[in-house]
Amino acid sequence: RNLARAQDLLKTEKTAKNEDVITSLQIVYEYLLRGYEFLPIELGKSKATQYCVEDDKIRLPFLSIRGVGETAAASLEAATISGQQYLSMEAMPTAAGVSNTVMESLAELGALGSLPKSNQMSLF
């Protein structure tokens, strides 16, 4: 159903980016029909551009986040795959070399886990 809506959108707003999205959706749809499961994007586990297999499921890469380009995805992988721990969301954009917008996207997707927003501790 959503695929049909996406295809209708492509007919009215045909752009290279929309065509790429449609292609990605078609591939995901085929995988789902065949019983594959996808794992969410997660710091320390997701790669920049590669889909990785974990426990017979497919881990999404950072590049699959809308608005994240290859440079930001590579920076996120380099900053997190080594097991580097960050105190907060506040410290990560500088350390990973990504924008606050990318960090907000990660937070919306739940990819930051329990990482607090600020380095400040609450006494109450």
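Colleague: What is the right way to read the overall build of the protein from this model?
Modeller: Of regular secondary structure, the protein possesses 5 helices and 3 strands. Of all 124 residues assigned to the protein, the portion counted as buried reaches 28%. For the protein, the proportion of contacts with a sequence separation of at least 24, taken over those separated by at least 6, is 35%. Accessible surface, the protein: about 8800 Å² in total, of which carbon and sulfur atoms supply 52%.

Colleague: Honestly, the sheet that holds strand E1 (residues 38-39) in this entry has me stumped. Any pointers?
Modeller: Strands pair in a sheet through their backbones, by hydrogen bonds, and they do so in one of two ways: parallel or antiparallel. Read across the sheet, 3 strands follow the order E1-E3-E2 without closing on themselves; strand pairing throughout is mixed. The open sheet terminates on both sides in strands that have one partner only, identified here as E1 and strand E2 (52-54). In this structure, E1 lies alongside strand E3 (residues 57-59), joined through 2 bridges in parallel fashion. Within the sheet, the bridge partner assigned to Leu-39 lies in E3 and is Arg-59.

Colleague: I'm lost on helix H5 (residues 100-109) in this one. Help?
Modeller: Count 3.6 residues to each turn of an α-helix, and residues three or four apart come out pointing the same way. Regarding H5, the residues found buried are Val-102, Met-103, Ser-105 and Leu-106. The buried residues of H5 all sit within an arc of 160 degrees when viewed along its axis, so they share a single face. For H5, the exposed residues set more than 90 degrees away from the buried face come down to Asn-100, Thr-101 and Glu-108. Summarising the contacts, the buried residues of H5 are in contact with helix H3 (70-80) and helix H4 (92-96). Positive phi shows up at Gly-110, right after H5, with a value of about 80 degrees.

Colleague: Explanation requested: the side chain of Ser-105 in the structure shown.
Modeller: Summarising the element assignment, Ser-105 is placed in helix H5. When sequence neighbours within four positions are dropped, the list of residues in contact with Ser-105 reads Ile-65 and Arg-66.

Colleague: Mind showing me how you'd approach the environment of Lys-47 here?
Modeller: Residue position: Lys-47 is located in the loop between E1 and E2. Lys-47 gets classed as partly exposed once you look at its relative accessible area, which sits at 25%. For the pair Lys-47 and Phe-62, spaced 15 residues apart in the sequence, the C-alpha separation amounts to 6.3 Å. The residues contacting Lys-47, other than those within four sequence positions of it, are Cys-52, Pro-61, Phe-62, Glu-77 and Ile-81.

What counts, and at which threshold
Residues numbered from 1 in each chain as written. Predicted model: local features only at pLDDT ≥ 70, side-chain atom pairs only at ≥ 80, totals over all residues. Heavy atoms only, no water. Helix = DSSP H or I, 4+ residues; strand = E, 2+ residues; numbered from the N terminus. Buried < 20%, exposed > 50% of the residue type's maximum accessible area, 1.4 Å probe, protein only. Contact = heavy atoms within 4.5 Å. Areas by Shrake-Rupley, 256 points an atom, 1.4 Å probe, with all protein chains shown as cover. Pairing = 2+ DSSP bridges. Arc of directions from axis to C-beta.

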